[in-house]
Amino acid sequence: MHRGYGIDLATGWPRLWLLLPDEARSELAAAQDRCGAAARLVGWGLLYAVLGAFWWPALVVGLLALLAARYSARLAVAVYADLAEAAVDLYGRDLALRLGLPCPDRLTREIGEQVTAIVRKDDVVPRARRAGSADRPSPRP
């Protein structure tokens, strides 16, 4: 999304999430749940693998669980990434409009970069740093 639209999802996602309809949120939540289930399966696989140091059948179960977890995690993360990308494709323009940016047709990289600057507070942080440095005493030579 950053390469295509210039939007940093780490900072823009919470705002975009608030604009998503319930159907989109539930699909994303379900994909997130599948990622969590795969992570839990990794944990169980590791526990069984450790137990396998004392009882060899547990090692087999642990390895099988880890292989299944790898497969399901890759699938779940791919689906989640596709859904997140679709959310930006479908609702990124709405986010730009809600932030007060003109977006007449479709979301472009320039508008996306402006969205990122707004949600990161890029224009506020440098001013605060300059103000903070003016309050500090200058270093003595």
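Preceding block: the structure.
Residues numbered from 1 in each chain as written. Predicted model: local features only at pLDDT ≥ 70, side-chain atom pairs only at ≥ 80, totals over all residues. Heavy atoms only, no water.

### Examining the nonpolar core
Item 1. Among the nonpolar cores identified, the biggest contains 18 residues, and Trp13, Leu16, Leu20, Ala96, Leu107, Ile111 and Val115 are the most heavily contacted of them.
Item 2. Those elements that provide at least two residues to this core are α2 (9-19), α3 (22-51), α4 (56-98) and α5 (109-120).
Item 3. No other element matches the 5 residues that α4 contributes to this core.
Item 4. Apart from the residues lying within four places of it in its own chain, the contact partners of Ala96 are Leu101, Cys103, Leu107, Ile111 and Val115. (Core = buried A, V, L, I, M, F, W, Y, C linked by side-chain atoms within 4.5 Å. Buried < 20%, exposed > 50% of the residue type's maximum accessible area, 1.4 Å probe, protein only. Helix = DSSP H or I, 4+ residues; strand = E, 2+ residues; numbered from the N terminus. Contact = heavy atoms within 4.5 Å.)

### Examining the side chain of Thr116
Item 1. Tracing the backbone shows Thr116 in helix α5.
Item 2. A relative accessible area of 5% means that Thr116 is categorised as buried.
Item 3. When neighbours within four sequence positions are excluded, Thr116 is seen to be in contact with Gly6, Ile7, Asp8 and Asp122.

### Things to note about α5
Think of an α-helix as 3.6 residues a turn; residues three or four steps apart then line up on the same face.
Item 1. Over its 12 residues, α5 runs 16 Å from end to end, which matches the ideal 16 Å to within 8%, given 1.5 Å per residue.
Item 2. For α5, the full list of buried residues reads Ile111, Gly112, Val115, Thr116 and Val119. Buried residues of α5, seen end-on, are gathered within an arc of 145° and therefore sit on one face of the element.
Item 3. Of the surrounding elements, those touching the buried residues of α5 are α1 (2-5), α2 and α4. (Expected span 1.5 Å × (residues − 1). Arc of directions from axis to C-beta.)

### Things to note about the packing of α2 against α4
Item 1. Across the interface, α2 lies against α4 with an axial gap of 9 Å and an inter-helix angle of 75°. For the element pair α2 / α4, the angle class is roughly perpendicular. Together, Leu9, Gly12, Trp13, Arg15, Leu16 and Leu19 of α2 and Tyr80, Ala84, Ala87, Val88, Tyr91, Gly92, Asp94, Leu95 and Arg98 of α4 make up the contact between the two elements.
Item 2. The residue makeup of the contact of α2 with α4, split by class, is 10 nonpolar, 2 polar and 3 charged. (Axes fitted to C-alpha atoms, helices over the stretch in contact; angles between N-to-C directions. Parallel < 35°, antiparallel > 145°, perpendicular 65-115°, else oblique. Nonpolar A, V, L, I, M, F, W, Y, C, P; charged D, E, K, R; others polar.)

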